[in-house]
Amino acid sequence: MIRPARILAALTLAASITAGPANAHQPRLGPHGGALVDAGTRHHAELVADGSATVTVHLSDMADAAVPSTGFKAEAILIVDGKPVRFALEPAEASRLVGTAPVGVPKGVKGALRLTAPDGATAQAKF
């Protein structure tokens, strides 16, 4: 059974995707072909999706230097076919976080990522 609180959290996050602050940076093309956005004030996150269920996020600092993903974790809520899809991403080699969505995720997908750093600090990235 899905808890009402989880549904409310997913809907709130999905609604906030389009209602971001006016000064937020627009996504730009990242070095791995995905959408590159700010994740808080310390990191960039590049979301790479290709239609499969595997989603990769590449982490970098604000100067676009790769950041080791060890100790990071993330939760994604992406809008696929008009519905929110939620899944976790875990550290992989180098500066990557990788997760498997329950459905295929198209390139250019919209959504959000909650990133938790090794020190417990959290940040949000909106795609």
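Note: the structure precedes this text.
Described in the following lines is the structure provided in the data block. (Residues numbered from 1 in each chain as written. Predicted model: local features only at pLDDT ≥ 70, side-chain atom pairs only at ≥ 80, totals over all residues. Heavy atoms only, no water.)

Another aspect to go through is the sheet that holds strand β2 (residues 35-39). One open sheet accounts for nine strands, arranged β1-β2-β3-β4-β7-β6-β5-β8-β9; its pairing is antiparallel. Edge positions in the open sheet fall to β1 (28-29) and β9 (122-126), since each of these has one partner strand only. Note: β1 against β2, two bridges, orientation antiparallel. Within β2, the residue paired with Leu 29 across the bridge is Ala 35. (Pairing = 2+ DSSP bridges. Helix = DSSP H or I, 4+ residues; strand = E, 2+ residues; numbered from the N terminus.)

To continue, consider unusual backbone geometry. With phi around 70 degrees, Asp 64 is a residue other than glycine that occupies positive phi space. Its location among the elements puts Asp 64 in the loop between β4 (54-61) and β5 (73-80). Positive phi, normally seen in glycine, also occurs at Asp 81, with a value near 55 degrees. Residue Asp 81 is classed as exposed on the basis of its relative accessible area of 76%. (Buried < 20%, exposed > 50% of the residue type's maximum accessible area, 1.4 Å probe, protein only.)

The next subject is the nonpolar core. Counting 26 residues, the largest nonpolar core has Leu 47, Val 57, Phe 87, Leu 89, Leu 97, Val 105 and Leu 113 as its most contacted members. When contributions to this core are tallied by element, the ones reaching two or more residues are β2, β3 (43-48), β4, β5, β6 (83-91) and β8 (110-116). Among the elements that line this core, the one with the most residues is β5, at four residues. If near-sequence neighbours (up to four positions away) are discounted, Val 57 is found in contact with Ala 45, Glu 46, Leu 47, Leu 89, Ser 95, Arg 96, Leu 97 and Leu 113. (Core = buried A, V, L, I, M, F, W, Y, C linked by side-chain atoms within 4.5 Å. Contact = heavy atoms within 4.5 Å.)

On to the side chain of Thr 116. Looking at the element boundaries, Thr 116 is found in strand β8. We classify Thr 116 as buried; its relative accessible area is 14%.

Considering all chains together, one arrives at four salt bridges under this definition. Across the pair Arg 42 and Asp 119 runs a salt bridge, and its minimum N-O distance is 3.3 Å. Separated by 77 residues along the polypeptide, Arg 42 in the loop between β2 and β3 and Asp 119 in the loop between β8 and β9 bring together distant segments of the chain. With relative accessibility at 43%, the residue Arg 42 sits in the partly exposed group. You can call Asp 119 exposed: its relative accessible area is 54%. (Salt bridge = Lys/Arg side-chain N within 4 Å of Asp/Glu carboxyl O.)

Residue alternation in strand β7 (residues 96-100) divides its side chains into a buried set, Leu 97 and Gly 99, and an unburied set, Arg 96, Val 98 and Thr 100. The pairing of β4 with β7 spans five bridges and is antiparallel. What sits directly across from His 58, in β7, is Arg 96. Counting the residues that bridge the hairpin from β6 to β7 gives four residues, and of these Ala 94 lies at a positive phi of roughly 55 degrees.

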